[in-house]
Amino acid sequence: MDAVAIEVFLQTLISGLLLGGLYALIGIGMTLIMGVMKIINLAHGELMMVAMYMAYWLFVLFHIDPYISVFIVAPVMFFFGMAIQRFLINPVLRVESILPENQVILTVGIGMVLANLATLFFTSDYRSTPVKYASDAWYLSDYWRDSPIELSLSVPWTVSFTISVVITVALWFFLTKTDTGKSIRATAQDLEAAMLMGVNVERMRLVTFGLGAALVGAAGCLFIPIYYLYPALGGRFTLIAFVITILGGLGSTVGAIIGGLILGVFESMTATYVGMGWAPVGRFLIFIAALIFLPGGVASLLRSRRLGK
Amino acid sequence: MKRLVLLMVIVFLSSLLITTVATAGDTVTFTIPLPLTGSKAKFGEIEKRSYEIALEEINAAGGIKGKKVKLVFEDSQGKPEISRAIAEKIIDVKKQPVIFGEYSSSCSKAIAAVAEERKVPYLVVTGAADNITQQNYRYVFRMNPSVSYYTSGLRSFLKEVVKPRTIAIIHESTDFGTKGAEGMVKDAKRIGMKVVLKEKYESGAVDFKPILSKVKSKRPDVIYMVSYVMDAALLMRQIKELRIDAKLFAGGAAGFAIPEFIENAKDASEYVVTATLWSPMVAYPGAKDFAEKYKSRHGKYPSYHGAEAYSALYVIKDALERAKSWSSEDIRKALKETNIVTAFGPIKFEDREGYQNQNFMDTLVLQVIDGKHETIWPLKYATRKYVYPIPRWRDRR
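Here the structure is a predicted model, which is why all the values come from computation and not from measurement.

Draft legend 1. Fine view of the overall build of chain A. Regarding its fold elements, chain A presents 13 helices and four strands. Rg of the C-alpha trace for chain A: 20 Å, near the compact-globule value of 19 Å for 309 residues, within the 12% margin. In terms of overall dimensions, chain A has a C-alpha envelope of 65 × 55 × 35 Å along the principal axes. Residue burial in chain A is summarised as follows: out of 309 residues, 51% are buried. Sequence-distant contacts in chain A: of pairs separated by 6 or more residues, those separated by 24 or more amount to 76%.

Draft legend 2. Looking closely at the overall build of chain B. Helix and strand counts for chain B stand at twelve helices and 16 strands. Relative to the 2.2 N^0.38 estimate, which gives 21 Å for 397 residues, the radius of gyration of chain B is 21 Å and therefore close to what a compact globule would have. Referenced to the eigenvectors of the C-alpha coordinate spread, the extents of chain B come out at roughly 65 × 50 × 40 Å. Looking at the 397 residues of chain B, the share that counts as buried comes to 54%.

Draft legend 3. Local environment of the environment of A:M49. Residues and elements named next belong to chain A. Mapped onto the secondary structure, M49 falls in helix α2 (residues 44-62). With 28 C-beta atoms counted inside 10 Å, the residue M49 sits in the buried group. Apart from the residues lying within four places of it in its own chain, the contact partners of M49 are L114, A115, A118, L229, P231, L233 and G234.

Draft legend 4. Looking closely at the domain arrangement of chain B. Residue and element names in this part refer to chain B. Each domain of chain B was delimited in the assignment, giving domain 1 (2-146 + 284-343) and domain 2 (151-277 + 363-395). Spacing between the C-alpha centres of domain 1 and domain 2 amounts to 31 Å. Between domain 1 and domain 2, the residue contacts involve eleven residues of the former and nine residues of the latter. Across the side of domain 1 that touches domain 2, the residue classes tally to five nonpolar, four polar and two charged.

Draft legend 5. Main features of the sheet that holds strand β15 (residues 364-369) of chain B. Residue and element names in this part refer to chain B. Read across the sheet, seven strands follow the order β8-β7-β9-β10-β11-β15-β16 without closing on themselves; strand pairing throughout is mixed. Each edge of the open sheet carries a strand with a single partner, namely β8 (194-201) and β16 (372-377). When strand polarity is set aside, the average angle formed by the axes of neighbouring strands in this sheet is 25 degrees. Note that β15 and β16 share five bridges and pair antiparallel. Looking at β16, one finds that I369 is bridged to K372. The strands touched by helix α5 (residues 152-162) within the sheet are β9 (222-226), β10 (248-252), β11 (273-276), β15 and β16, with β15 carrying the most contacts at an inclination of about 65 degrees. Across the sheet, helix α6 (residues 175-190) touches β7 (166-172), β8, β9 and β10, and the angle it forms with β7 is around 165 degrees.

Draft legend 6. Inspection of the interface of chain B and chain A at higher detail. Listed by partner, the interface residues are 33 residues for chain B and 31 residues for chain A. Elements with a contribution of two residues or more to the side of chain B that touches chain A: α2 (41-60), β8, α7 (209-218), α8 (229-242) and α9 (259-265) of chain B. No other element matches the seven residues that α8(B) contributes to the side of chain B that touches chain A. A per-class count over the side of chain B that touches chain A returns eleven nonpolar, eight polar and 14 charged.

Draft legend 7. Structural context of the packing of helix α11 (residues 253-273) of chain A against α7(B). Two numbers describe how α11(A) lies on α7(B): the axes approach to 8 Å, and their chain directions differ by 30 degrees. Regarding the angle of α11(A) to α7(B), the classification is roughly parallel. Two packed elements cross with a definite hand, and for α11(A) against α7(B) that hand is right-handed. Across the interface between the two elements, A:S268, A:A271 and A:T272 of α11(A) pack against B:P210, B:I211, B:S213 and B:K214 of α7(B). For the contact of α11(A) with α7(B), the class distribution of residues is three nonpolar, three polar and one charged.

Draft legend 8. Representation of unusual backbone geometry in the model. All names here are of chain B. In this structure, P389 follows Y388 across a cis peptide bond, with omega equal to 0 degrees. Turning to its location among the elements, P389 is positioned in the segment after β16. One non-glycine residue, Y271, adopts positive backbone phi at about 70 degrees. Here Y271 lies in the loop between α9 and β11. Positioned with a positive phi, N357 is a non-glycine residue whose angle comes to about 50 degrees. Within the secondary structure, N357 sits in the loop between β13 (345-350) and β14 (358-359).

Draft legend 9. Here's a closer look at the nonpolar core. A:A51 and B:Y122 are the most contacted members of the largest nonpolar core, which totals 218 residues. The element best represented in this core is helix α1 (residues 3-37) of chain A, accounting for 15 residues. In terms of domain composition, this core takes at least three residues from each of domain 1 (2-146 + 284-343) and domain 2 (151-277 + 363-395) of chain B. When residues no more than four places from it in sequence are discounted, the contact partners of B:Y122 are B:I99, B:F100, B:I111, B:A112, B:A115, B:Y139 and B:V140.

Draft legend 10. Structural context of the pairing of β10(B). Residues and elements named next belong to chain B. Across the five residues that make up β10, a large majority, five, are buried. The two faces of β10 match: L248, A250 and G252 on one face and F249 and G251 on the other face are all buried. Pairing of β9 with β10, which is carried by four bridges, proceeds in the parallel orientation. If you follow Y224 over to β10, its bridge partner there is A250. Considered for its hand, the β-α-β crossover made up of β9, α8 and β10 is right-handed.

Draft legend 11. Quick look at the confidence of the model for chain B. Residue and element names in this part refer to chain B. Put simply, chain B has an average pLDDT of 88, and 93% of its residues get 70 or more. Segment residues 16-22: pLDDT under 50, and five contacts once partners within four positions in sequence are set aside and those in other chains are kept. On the interface metric, ipTM, the complex scores 0.84, and its pTM is 0.74.

Draft legend 12. Helix α6 (residues 155-177) of chain A, seen in detail. All names here are of chain A. With 23 residues, α6 extends 33 Å between its outermost C-alpha atoms, agreeing within 8% with the 33 Å of an ideal straight helix rising 1.5 Å per residue. Within the span of α6, buried status applies to P156, W157, S160, F161, S164, I167, T168 and L171. Contact partners of the buried residues in α6: α1, β3 (152-154), α9 (201-223) and α11.

Draft legend 13. The arrangement of the packing of helix α11 (residues 304-322) of chain B against helix α12 (residues 328-336) of chain B in detail. Residue and element names in this part refer to chain B. Close contact between α11 and α12 brings their axes to 8 Å; oriented N to C, the two are set at 115 degrees. The two elements α11 and α12 cross, and the hand of that crossing is right-handed. On α12, the residues that touch A319, L320 and R322 of α11 are I331, A334 and L335. Tallied by class, the residues present in the contact of α11 with α12 amount to five nonpolar, no polar and one charged.

Draft legend 14. Structural context of the environment of A:L294. Residue and element names in this part refer to chain A. Positionally, L294 belongs in the loop between α12 (279-293) and α13 (297-308). It is 9.4 Å that separates the C-alpha atoms of L294 and I246, two residues lying 48 residues apart in sequence. Ignoring sequence-local partners within four residues, the contact set of L294 consists of S300 and L301.

Draft legend 15. Structural view of the pairing of strand β2 (residues 27-34) of chain B. Residues and elements named next belong to chain B. Across the eight residues of β2, six count as buried, placing the element largely inside the fold. Both β2 and strand β3 (residues 68-75) contribute to a ladder of eight bridges, which runs parallel. Counterpart to T31 in the pairing with β3 is V72. Crossover connection from β2 via α2 to parallel β3: handedness right-handed.

About the cut-offs
- Residues numbered from 1 in each chain as written.
- Chains lettered and ligands numbered in written order.
- Predicted model: local features only at pLDDT ≥ 70, side-chain atom pairs only at ≥ 80, totals over all residues.
- Helix = DSSP H or I, 4+ residues; strand = E, 2+ residues; numbered from the N terminus.
- Rg over C-alpha atoms; globule rule 2.2 N^0.38 Å.
- Buried ≥ 20, exposed ≤ 12 C-beta atoms within 10 Å, placed from the backbone.
- Contact = placed C-beta atoms within 7 Å.
- Domains from an automatic or database assignment.
- Nonpolar A, V, L, I, M, F, W, Y, C, P; charged D, E, K, R; others polar.
- Pairing = 2+ DSSP bridges.
- Axes fitted to C-alpha atoms, helices over the stretch in contact; angles between N-to-C directions.
- Parallel < 35°, antiparallel > 145°, perpendicular 65-115°, else oblique.
- Left-handed = near helix turned anticlockwise from the far one by under 90°.
- Core = buried A, V, L, I, M, F, W, Y, C linked by C-beta atoms within 7 Å.
- Right-handed = clockwise from strand over helix to strand, strands pointing away.
- pLDDT = per-residue confidence, 0-100.
- Expected span 1.5 Å × (residues − 1).

See below:
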């Protein structure tokens, strides 16, 4: 391998990891909801879109940097998510129906309503990142003059990635160390046992949906500096979250993190070495391969190793 | 599931609309399919507003042959199957003798097939894929140049000023993008450039850096991109980020030629050249008036799509006024003989170079200079002298 090939490889790997870190954050929210509620939240991408609009307007009107508005938008999204669960999903859960997947269909409807409301309020205009540092980057050759290869590290991508990691670690602590976190995990593992142990399952559902919405809301803020927004953007991110959820193992947070990273690196590598037009194909190949060869996702691998020890 | 819902919506809407009649008394109603929701809604909106401006002007001047004109817009969501359904309704239910509109190539193609089958003339307004007018259709007319001709001006700029030896082509994986890239491959052969890389991508992608680092490793003289606006801005931002120093960054109309490109890519857009069909400052009669009128109402200048839509109604008006009767056959004959200059440029439908009923016209080259699109080519229309060679990223600012 000559210097140029190495440069291309490393730059691709960097891009893939950064992208994967952000994908993971989108995926975790869906996975959490999946684990506890046993439904796929197909309005996930639309929730992210709502959060992005919030972050965008916070910046335009009050000059609050998207990275700071994470702390405003995520809590708002938490309550928004709880409200959706409380007033829309819960009533449907209680209704006996022909279709057992009523709630999933409901989330599709919620997604459509959100997207159309956004079109109504904000028009269908594309809005670009308002921040100034959008295309700033650090360059290897600025620090190491005679470097044989040139690598660049985008400022907003790196910051977004770092915050995403911090949020993920915080979530992990929350789920493993706090009572509420443990109750959520208990509900996800065995609903009836959790009920018998005195876990307030109803409340856990509320908290989980709120948490899922808050996580994807945070992801939305992190995407503002590097991407753009328009009302119909939700669908593609719902899809990505869905693939990650399947790949990671339904309901597993660690699985979702690894799944997100795998997807990010895989997409970047496909783009460089196969062709960027193949990225969507690659995404579904992974999806199908995971379903066939690894039905439990990455989580099942982790679990079997732990049992082996 | 999604499709089922759509179908139900269509059925519901069409049941509502059956009761309206196309021509009643002294008004004439045209139904125009446009993407008013979905990811292409932005362009649908520009076109709708432009049609409305033309409509007001025409009605204020007495309508078409004394009849007041009315326009009805139907949302195709940018999906060919929905456009097709709308077209069938316009022809079969509303009995409209001529049909025009729609934005994307794939939707225009769907309508073209219906129109040809039912022998109703269809005026393509913005769909640019080459093969729409290459299928020996007798009833399909196109007023905008096909995508291979979007770049005729850019081609001569490259040949006479830049004289590049290698080119890398990045395009979105849609009909429009693929055809645009193929056109550039042919152009490259014509002016002796080697295509070192040709890659497609999925529109809406988040990260272009993998593909761009591959482009960087090939060191092309020119990087040519066919993209819609947000992809275009993201591409240029990430090119800046990776400091890819090509001699020239060129865009194939669409996303690169509209003001939003500069707003979104900010300083990364400086010195990017783009082929375009139209600019608000161009010297065609009525172009500036239309652009100013649009700006005063909607706050910003329209893109060339707007000018195409605005002029389309005038082309229809012209044809209807010359037609012997308002039967589809007579309107087709009248369209065939069209020879007018609109705000969008001269319109004349010709059969040549494998095309039928295609309008051929000169295209312009714009360059972003000091954060503004300036016409730089052909020199006789230039508003400013082009900047070439362009500075390297490292030396900027």
